[in-house]
Each structure stands twice: as C-alpha cells, then as structure tokens.
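Here is what each chain is made of, one letter per residue.
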Amino acid sequence: MAKEQIRLPALVVEQGNKRLYSFAVDGKKLPSFTTVSRIHRKDDKGLGGYQRPESLAHVASIKRYLESANAVLPNALVVAFDERVDFVPSDDGAGTGEIVIPIDDKWPDEDKPGWIVDGQQRSAAIREANVEEFPVFVTAFITNSVAEQRSQFILVNSTKPLPKGLIYELLPSTPAADLPVALLKKRYPSLLLERLNFDEDSPLHMRIRTTTAVGGSIKDNSILKTLSASLEDGALYRYFDSESGEGDADSMLELLRNFWGAVASTFAKIWDLPPRRSRLVHGAGIAALGCLMDEIAYVLGEDSIPTQEEFALELGRIADKCAWTEGSWEFRPGEICAWNELQNTPGDILRLSDHLLNLYRAERALDDLAERRAA
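Model, not experiment: these values are computed from the prediction.

Draft legend 1. Main features of the overall build of the chain. When its secondary structure is counted, the chain shows 11 helices and 16 strands. Within the span of the chain, comprising 375 residues, buried residues form 49% of the whole. By element, 50% of the accessible surface of the chain is carried by carbon and sulfur atoms, the whole surface being about 19200 Å².

Draft legend 2. Expanded view of the pairing of strand β9 (residues 114-118). Burial within β9 is extensive, with five of its five residues counted as buried. Relative to β9, strand β6 (residues 77-81) runs antiparallel, the two being bridged by four bridges. Within the sheet, the bridge partner assigned to Val78 lies in β9 and is Asp118.

Draft legend 3. Structural view of helix α3 (residues 120-128). Judged by how many residues are buried, α3 sits mostly within the fold: seven of nine residues are covered. All buried positions along α3 are accounted for by Gln120, Gln121, Arg122, Ser123, Ala124, Ala125 and Ile126. On its buried face, α3 is in contact with α1 (30-33), α2 (56-66), β6, β9 and β10 (135-142).

Draft legend 4. The arrangement of unusual backbone geometry in detail. Even without being a glycine, Met206 presents a positive backbone phi close to 60°. Assignment of secondary structure puts Met206 in the loop between α6 (181-198) and β11 (208-209).

Draft legend 5. Focus on the packing of aromatic side chains. As enumerated under the stated definition, the model contains nine aromatic pairs in all. Consider the rings of Phe23 and Phe81, whose centres lie 6.4 Å apart with planes at 20°: the pair is stacked. Of the two residues, Phe23 is situated in strand β2 (residues 18-26) and Phe81 in strand β6; the sequence distance between them amounts to 58 residues. With respect to burial, Phe23 and Phe81 carry one shared label: buried. Ring geometry for Trp324 against Trp329: centres 5.2 Å apart, planes inclined by 75°, an arrangement best described as edge-to-face. The exposure class assigned to Trp324 is buried, which follows from its relative accessible area of 3%. Here a set of aromatic residues connected by ring pairs shows up, and it is made of Phe267, Trp324, Trp329 and Phe331. One residue, Arg84, lies across the ring of Trp107, its end atom 5.0 Å from the ring centre. Here Arg207 stacks its cationic end above the ring of Trp271, 4.9 Å away from the centre of that ring.

The rules behind the values
- Residues numbered from 1 in each chain as written.
- Predicted model: local features only at pLDDT ≥ 70, side-chain atom pairs only at ≥ 80, totals over all residues.
- Heavy atoms only, no water.
- Helix = DSSP H or I, 4+ residues; strand = E, 2+ residues; numbered from the N terminus.
- Buried < 20%, exposed > 50% of the residue type's maximum accessible area, 1.4 Å probe, protein only.
- Areas by Shrake-Rupley, 256 points an atom, 1.4 Å probe, with all protein chains shown as cover.
- Pairing = 2+ DSSP bridges.
- Contact = heavy atoms within 4.5 Å.
- Phe/Tyr/Trp six-rings, centres within 6.5 Å; stacked < 30°, edge-to-face > 60°.
- Lys NZ or Arg CZ within 6 Å of the ring centre and 35° of its normal.

Printed below as a string of structure tokens:
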C-alpha cells in the first residue's frame, strides 16, 4: 500500500472508447509517481520497455530554457497510469473531478504507477533545472496493458522525428489492430527481422544492427526493405495476407533461414566479413540477394519450401562470377564497377539485382540446353 496520495483537479474527456484525464502538476513532482520505460532486450531476447534513451544534449537545451525568465512549456506530457490510479468525479457530473495518484518514496522506478509515454526529455529537464517548481499539463490514460502503452507511444510519436529503428523494434509486439495502415505494412517485416536476428538457429543471428542489438554489422533497414519487397511481390507473398497484415510466419522463416543459410555456406569464406570489406552483406548485396531468393524460389516451384541444399545448389551456379570482395562487376559490355565502388543507392541496387538475375537465368538456360541435348 502507498503511504501517501496526490489529489489533483482534473478533467475527463471521452474519445471513442477511451477516457483521457487532463490535469496540471508541478513538474518537480513527476519523478515521485512516474518513470520511463526505456527499450531494451531481456535475458530471453524478448523486448522490454518502449522508450528511447534520454538525449543528454536535448535535455540540457531544455534545461537552459527552463532556467530563463520567460520559459513556457504549453504542450502536455502524456502519461500512462496503471489501475492503482483513480478518477473521482465531482457531484455535478460536468466532466470534472480529482485524479488520485498513490506515491511511496520507497518504490523503485518499476513500481511507480505512471509511465511517461511522451515528454521524457521535458520531464528530465524539469527534474534537473535549477528552479523551485515548474507546473506542466499532463494528459493521462489508465491501463495495465504494456501493449496499449506501446501502441500509444508509437501513435503519439509517429509524426515526430522518432528514430525509425525504435519504431521497427516496437512494431512486432504491438497489436496489429492498434496500428494505422502505414505502420501495419511495416509490422510484419519487423516481426520477421526480429526472429531472424534473435532466433539462435537463424544464419543471421545477432548479425543485424538494431536499436537493441548494436553489435550487428548488417543495417536493419536493408533487411526490412528486402523483406517488404518479398512480402509485396516475391517468395514470401504466398504466405502473407496483405489485407489483415498477418501471415504464416513459420513458413516464411523456414524459407528465409534456408536461403540465408545457403548464402552463408556458398560464400563461407567471406560471410562473416563486415560490409566495408565485403559487399555480400552490404545494403546493395542484401537487396540483390533478396531478389535472387524470390527468383530461385519461383524457379523451384511453389509446392514446397526449397531446402538449404537446394538453394545452395542454385547459388553455386553464379558463385564464381560474383565480385563481393575483390575484382569488378561487368554489368554490361564496357560498364565496369569495382567491387568497393558499389553503393547502397537505388541505381546500384537495381544494377546489381538485374545482373545477378541475368547471370542466374543464363546459367539455368545453359544447363537446360545441355540436358535437352543429352536426352
């Protein structure tokens, strides 16, 4: 039980099936009943929290402003309360009342009843500012659901310069029904990326650099674009319902593990090299190989998922014609590109993708011709 309560005059507003509470409070008191839930990976590799880390430079800038003579913060902070917080309506039924917040100075941060969904930097700046008090507006909702807190965090920040990588990591654990169409389209690629990066049987295990896996060398955006393209019109499309934004994740992951496992075995000597030393896991290489995966899966048929061995056999047709770490690519007669001149640009990605597809199709055609002649 909490030792004390803070009782503050508040307004309640109904928005759809949600209740929002608006009140003012001294910003210096926010740390007594709120905390932030910074994004991190738990021991089981599951996602914990949902906030970005504090930007010290941003906090310092706001702090300097708050210590000036005419400082004003008109925008409300957004706080998610758990169900220990209560709203007591006034007798007149006019949408007014009191928000009742329990506090206890012995509670660790994770036991406090409020989480700051929007306004983390402002709250930190008020905490650090050399001022006796600084009243702020707060808009709050009450829920025990972490998923709802994450949903609101994404939606509140979707029009602000929030790091895309942070949103991508939050999407897999956010209910699809809570997301607008634009974010729904990114949710499934993010879910697949998460599994590819954190499943221990994945050939890309911990190879993808994300907000919570900073040791990876492959950019998350390169993988996301490749997965999105395949889901829209490639090998993964057959397992995906674009209307609902859901799909057969197990089948998709089996196909992806088999293909990238084949890439790892076919190019074993350079698979572990970073992008600056090998274009195999560079943005352009990832995108071009994704196109090749779609082509091979189509050639091998849709009745079953190609095995890693089948993918490796097909990749072997062009392996010795690839210039991932040395030499040059000859995209067309006279059009030469040194291996380390290849850039992660739309033009270079298109050139490399077309080149790998043409090489593969040509090798398949030669083998088919040889088989017909032998018959």
